[in-house]
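Each chain, written out:
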Amino acid sequence: MPAVQETVARVREIDVDQYKYGFVTDIESDRAEKGLSEDTVRFISAKKGEPEWMLEWRLDAYRRWRTMVEPDWARVDYPPIAYDELYYYSAPKSTPGPKTLDEVDPELLRTYEKLGIPLREQEVLAGVEQRRVAVDAVFDSVSVATTFKKELAAAGVIFCPISEAIREHPELVKKYLGSVVPTSDNFFATLNSAVFSDGSFVYVPKGVRCPMELSTYFRINERNTGQFERTLIIADEGSYVSYLEGCTAPMRDENQLHAAVVELVALDDAEIKYSTVQNWYPGDAEGKGGIYNFVTKRGDCRGRNSKISWTQVETGSAITWKYPSCILRGDNSRGEFYSIAISNGRQQVDSGTKMIHLGKNTTSKIISKGISAGRSQNTYRGLVSAHRKATNARNFTNCDSLLIGEQCGAHTVPYLEAKTSTAVFEHEATTSKISDDQKFYCQQRGLSEEEAVALIVNGFVKDVLQQLPMEFAVEAQKLISISLEGSVG
Amino acid sequence: MLSIKNLHASIEDKPILRGLDLDVKPGEVHAIMGPNGSGKSTLSYVLAGKEDYEVTDGSATLDGEDLFAMEADERAAAGLFLAFQYPLEIPGVATMTFLKAALNAQRRARGEGDLPTPQFMKLVREKADGLGISTDMLKRGLNVGFSGGEKKRNEILQMALLEPKLCVLDETDSGLDIDALKVVSEGVNALRAKNRSFVVITHYQRLLDHIRPDIVHVMAKGRIVRTGGPELAHELEARGYADYVGEAAA
């Protein structure tokens, strides 16, 4: 059963009625003045009811950010962002949404239909206003979180919005927030540190195997965490957690600039598996109006024998700037990166990973599959480095690009740095095209041209799809077909 | 079944087929022989609808339906099957997955529903066993790492599964040793039926010892230049194509 349907089924099991009256939410809540100043940061912090130390942390980031320059080394091209013209904190519904599904872009609805999303969820995703209260009654985060939390609490797992964690678990947040991605890390991460709106917090205690994949439901629910999402996941000694982020359904979003930060910490013998499906609005045929996605994701294999694995399926956004990385600090730790990045139309993707080997006998594996179609540009940028103390560091990288059509581009930029002679790095890279002969062969057997391309591409990305949790993989497969529509003919 | 009249076709403005006529009745097996460059493979591609080829004149119908009015996938659903001389490889797509996608695409095009998976699996196993195709081969990427013989057997498996009306075999014997040739030919012969026709394109007579044709045509310079019974194939084997190259060129 696709995750979205499973979600609905699970939500229906919850007794919705008992929450019915609790959800006349004040959606007209105020928003911060336009532009970014210390006052904006104070406003956000106050809105969240944060303690003084958190405000100071944000202000410190803000002051650093003012001294920083936007990076320009990525192979992406976009007009300058007017940071002082943006809103950094706004109510969920700052501008009126469509009244019914009839007013929603038919293209979007067609996509929902293909993904098999029930009508009611389509309305939520498209931001239809009329049903808002009723829909909230079903999808309200508080009610559902309560149910899930019971199960998680029994296992001792903390899973809550980061704003709640700041209030309820300050000792954990203080210890780990910014410990993987420091506030001074990079322009976008620093901006996020100053103004982050909300996000998820996960703590898995020693020796606990988290009893469920985190987020099946929350993928839909956290639609208003905003443009500056902040996630912190800590796996204590000997624990395991699998976290799913994102949504296969394209969501309506008023914010063009997204700058999220995700920090993962794995202590001794712990394992974190983080899977993402990103399908934000890529813009129109000319590339206008699409989301700019500047993300900093980093995992710290802090403990011995720890393991962090990133799996991502990137199909949306006008611009993607994203390098989920692993710092392999603990001896014998392992980092993995599995990626499918699809670009079509005018999309620009500059994505990859960094594997920083610091500990002894650390290993890493990178499997990247880039697919470019239309007039898009798709760059893999990866760094593998071994510190001089990282004896016997090992990396295997396989980086394949597939081109569809004549007007797209695929680029591979691998950096390798070994400061120890015992490091062994292997790098394989291929670039191929879907040949007309392959397409003709499939068509001769009865597949349409689009079905043929989707089949060939799904074969190309199989190694990565296999890394996704089952239900996510099925959705991702459908999403790949949809993303490539219009890439042939 | 298949009716081709005055077919002219070119690739990149270079004429290859120049007025070809062919009439194949239900249940018949026709062999088309000819020297290299006579346009045999072009004929198979033009019938199947490969994009690079342009039909400049003439017509082709399958059971009265205009082939040239259909896309390649529509022709397949209408019952035209081409066994490729060089079957393509599709990495990462298991043979089984491909077979299922193809069969169901054709069923949908004909307004039939998808075949339920258990029935599909049973059907494939049955057909595969007859061709000596192992379960392991069905799990591997389509034609990836297959030997020449395995690729050709896989073509016949697809033919058996899709149950076409008209099968065009393009140089199916190329690259096959005698044992593989036997297996493939037996597979084809098992599919001969009153309402199914075959056009067997080959350079050599030896394939026709295994797949016995009803009618043999000689093709040269884009046209059928001679038609006869099975004995014609033996004559060609003995004398070569030299006569025909000259005749058509004149």
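Just so it is clear, the structure is predicted and the values come from calculations on it, not from any experiment.

Colleague: Account for the pattern of salt bridges, with residues named and values stated.
Modeller: This structure, assessed with the given rule, holds 35 salt bridges over all chains. Between Glu 171 of chain B and Lys 40 of chain B there is a salt bridge, and its shortest N-O distance comes to 3.8 Å. Of the two residues, Glu 171 of chain B is situated in the loop between strand S9 (166-170) and helix H7 (178-191) and Lys 40 of chain B in helix H1 (residues 40-48); the sequence distance between them amounts to 131 residues. Judged by its relative accessible area of 10%, Glu 171 of chain B is buried. On the basis of relative accessible area, Lys 40 of chain B is assigned to the buried category, the value being 4%. Measuring nitrogen to oxygen at the nearest pair gives 4.0 Å for the salt bridge that ties Glu 126 of chain B to Lys 122 of chain B. You can see Glu 126 of chain B and its partner Lys 122 of chain B sitting in helix H4 (residues 117-130), 4 residues apart, about one turn around the helix. Among the charged side chains, a salt-bridge network with shared partners connects Glu 271, Lys 307, Arg 334 and Glu 336 of chain A.

Colleague: Go over the environment of Gly 79 of chain B, please, and point to the residues and values.
Modeller: Relative to the helices and strands, Gly 79 of chain B is located in the loop between helix H2 (72-77) and strand S6 (80-83). C-alpha separation for the pair Gly 79 of chain B and Leu 166 of chain B, spaced 87 residues apart in sequence, amounts to 6.2 Å.

Colleague: Tell me what's going on with the sheet that holds strand S12 (residues 334-343) of chain A, and back it up with residues and numbers.
Modeller: Residue and element names in this part refer to chain A. The strand order across the open sheet formed by 7 strands is S4-S7-S9-S12-S14-S16-S18, and the pairing between neighbours is parallel. If you trace the sheet from one side to the other, it starts and ends with strand S4 (240-246) and strand S18 (424-433), each paired once. Averaged over all pairs of adjacent strands, the angle between strand axes in this sheet comes to 5°, irrespective of strand direction. In this sheet, strand S14 (residues 363-372) lies alongside S12 in parallel orientation, the contact comprising 10 bridges.

Colleague: How would you summarise the interface of chain B and chain A if you had to cite specific residues and measurements?
Modeller: The interface of chain B with chain A comprises 31 residues on the first partner and 17 residues on the second. Taken over both partners, the interface formed by chain B and chain A buries close to 2000 Å², and the fraction arising from carbon and sulfur atoms is 63%. Here chain B and chain A share 3 salt bridges between them. The salt bridge involving Glu 451 of chain A is made with Arg 108 of chain B; its shortest N-O contact spans 3.8 Å. Across the contact surface, chain B and chain A share 11 residue pairs in polar contact (both at pLDDT 80 or more). Of all the secondary structure elements, the ones that give two or more residues to the side of chain B that touches chain A are H1, H2, S6, strand S7 (90-94), helix H3 (95-109) and helix H6 (148-162) of chain B. Here the side of chain B that touches chain A is composed, by residue class, of 20 nonpolar, 6 polar and 5 charged.

Colleague: Describe in detail H7 of chain B, supporting the description with residues and values.
Modeller: Residue and element names in this part refer to chain B. End to end, H7 covers 20 Å across 14 residues, agreeing with the expected 20 Å (1.5 Å per residue, within 8%). Within H7, the full set of buried residues consists of Ala 180, Leu 181, Val 184, Ser 185, Gly 187, Val 188 and Leu 191. One face of H7 carries all of its buried residues, which in axial projection span an arc of 155°. With respect to the buried face of H7, the exposed residues turned more than 90 degrees away are Asp 179, Glu 186 and Ala 190. Residues of H7 that are buried in the fold lie against H6, S9, strand S10 (197-202) and helix H8 (206-210).

Colleague: Requested: an account of the pairing of strand S16 (residues 394-403) of chain A, with residues and values cited.
Modeller: Residues and elements named next belong to chain A. Counting buried positions along S16 gives 8 out of 10 residues, so the element sits mostly inside the fold. The pairing of S14 with S16 spans 10 bridges and is classified as parallel. Across the sheet, the residue bridging to Ser 368 is Cys 399, located in S16. Bridge count between S16 and S18: 10 bridges; the pairing is parallel. Bridge pairing in S18 links Leu 403 to Lys 433.

Colleague: Tell me what's going on with the packing of aromatic side chains, and back it up with residues and numbers.
Modeller: For the structure shown, the criterion picks out 21 aromatic pairs over all chains. Each ring, one from Trp 73 of chain A and one from Tyr 323 of chain A, has its centre 5.7 Å from the other, and the planes form 45°; the classification is tilted. With Trp 73 of chain A in the loop between helix H3 (52-66) and helix H4 (106-115) and Tyr 323 of chain A in the loop between strand S10 (319-322) and strand S11 (325-328), this pair connects stretches of sequence that are 250 residues apart. Looking at Tyr 323 of chain A, the relative accessible area reads 9%, which means it is buried. Ring plane angle 10° and centroid distance 5.9 Å describe the contact between Tyr 441 of chain A and Phe 98 of chain B, whose orientation is recorded as stacked. Here Tyr 441 of chain A, found in helix H12 (residues 436-444), pairs with Phe 98 of chain B, found in helix H3, and the two come from separate chains. Note on Tyr 441 of chain A: relative accessible area 0%, which makes it buried. Aromatic rings pair up to connect Trp 65, Trp 73, Tyr 78, Tyr 83, Phe 187, Phe 188, Tyr 292, Phe 294, Trp 321 and Tyr 323 of chain A into one cluster.

Colleague: Go over a positive patch on the surface with me, naming the residues and quoting the values.
Modeller: On the surface, Lys 14, Arg 18, Lys 221 and Arg 223 of chain B cluster together into a patch of positive charge. Topologically, Lys 221 of chain B is positioned in the loop between strand S11 (215-220) and strand S12 (223-228).

Colleague: Describe in detail the sheet that holds S11 of chain B, supporting the description with residues and values.
Modeller: Residues and elements named next belong to chain B. An order of S6-S9-S10-S3-S11-S12 is seen for the 6 strands of this open sheet, with the pairing classed as mixed. Looking at the sheet topology across the chains shown, the edges are occupied by S6 and S12. Each strand of the sheet is rotated relative to its neighbour by a mean of 20°, with strand direction disregarded.

Colleague: Describe the nonpolar core, listing the residues and the values that go with them.
Modeller: Ile 340, Ile 371, Val 457 and Leu 484 of chain A together with Leu 2, Ile 4 and Phe 98 of chain B are the most contacted members of the largest nonpolar core, which has 69 residues in total. By residue number, the principal contributor to this core is helix H13 (residues 449-460) of chain A, which donates 6 residues. Excluding residues within four positions of it along the chain, Ile 371 of chain A makes contact with Ile 340, Ala 341, Ile 342, Ser 343, Asn 378, Leu 402, Ile 404, Val 457, Phe 460, Val 461 and Leu 484 of chain A. Residues Tyr 83, Ile 166, Tyr 203 and Tyr 292 of chain A belong to the second largest nonpolar core, which totals 48 residues.

Colleague: So, empty space enclosed by the protein: which residues are in play, and what are the values?
Modeller: Residues and elements named next belong to chain A. Applying the stated criterion to the full structure yields 3 cavities of 30 Å³ or more. The space that makes up the largest cavity amounts to roughly 110 Å³. In this structure, the largest cavity is lined by 18 residues; those nearest its centre are Ser 368, Gly 370, Asn 378, Thr 379 and Tyr 380. Contributions of two or more residues to the lining of the largest cavity are made by S12, strand S13 (348-357), S14, strand S15 (377-386), S16 and strand S17 (409-418). A per-element tally of the lining of the largest cavity places S14 first, with 4 residues. Taken together, the residues of the lining of the largest cavity break down into 5 nonpolar, 11 polar and 2 charged.

Calculation notes
Residues numbered from 1 in each chain as written. Chains lettered and ligands numbered in written order. Predicted model: local features only at pLDDT ≥ 70, side-chain atom pairs only at ≥ 80, totals over all residues. Heavy atoms only, no water. Salt bridge = Lys/Arg side-chain N within 4 Å of Asp/Glu carboxyl O. Helix = DSSP H or I, 4+ residues; strand = E, 2+ residues; numbered from the N terminus. Buried < 20%, exposed > 50% of the residue type's maximum accessible area, 1.4 Å probe, protein only. Pairing = 2+ DSSP bridges. Axes fitted to C-alpha atoms, helices over the stretch in contact; angles between N-to-C directions. Contact = heavy atoms within 4.5 Å. Buried area = accessible area lost by both parts, 1.4 Å probe. Polar contact = N/O pair within 3.5 Å; in protein donor to acceptor, adjacent residues only side chain to side chain. Nonpolar A, V, L, I, M, F, W, Y, C, P; charged D, E, K, R; others polar. Expected span 1.5 Å × (residues − 1). Arc of directions from axis to C-beta. Phe/Tyr/Trp six-rings, centres within 6.5 Å; stacked < 30°, edge-to-face > 60°. Patch = residues over 30% accessible without salt bridge, like charges linked within 9 Å, V, L, I, M, F, W, Y side chains within 5 Å. Areas by Shrake-Rupley, 256 points an atom, 1.4 Å probe, with all protein chains shown as cover. Lys, Arg positive; Asp, Glu negative; His and termini not counted. Charge placed at Lys NZ, Arg CZ, Asp CG, Glu CD. Core = buried A, V, L, I, M, F, W, Y, C linked by side-chain atoms within 4.5 Å. 1 Å grid on protein atoms, 1.4 Å probe; cavity = no way out; pocket = protein on both sides within 12 Å on 5 of 7 lines; lining within 4 Å. Points joined across faces, edges and corners; volume = space filled by probe spheres on them.

Note that every value here comes from positions in space, so none of it alone points to a role or purpose.
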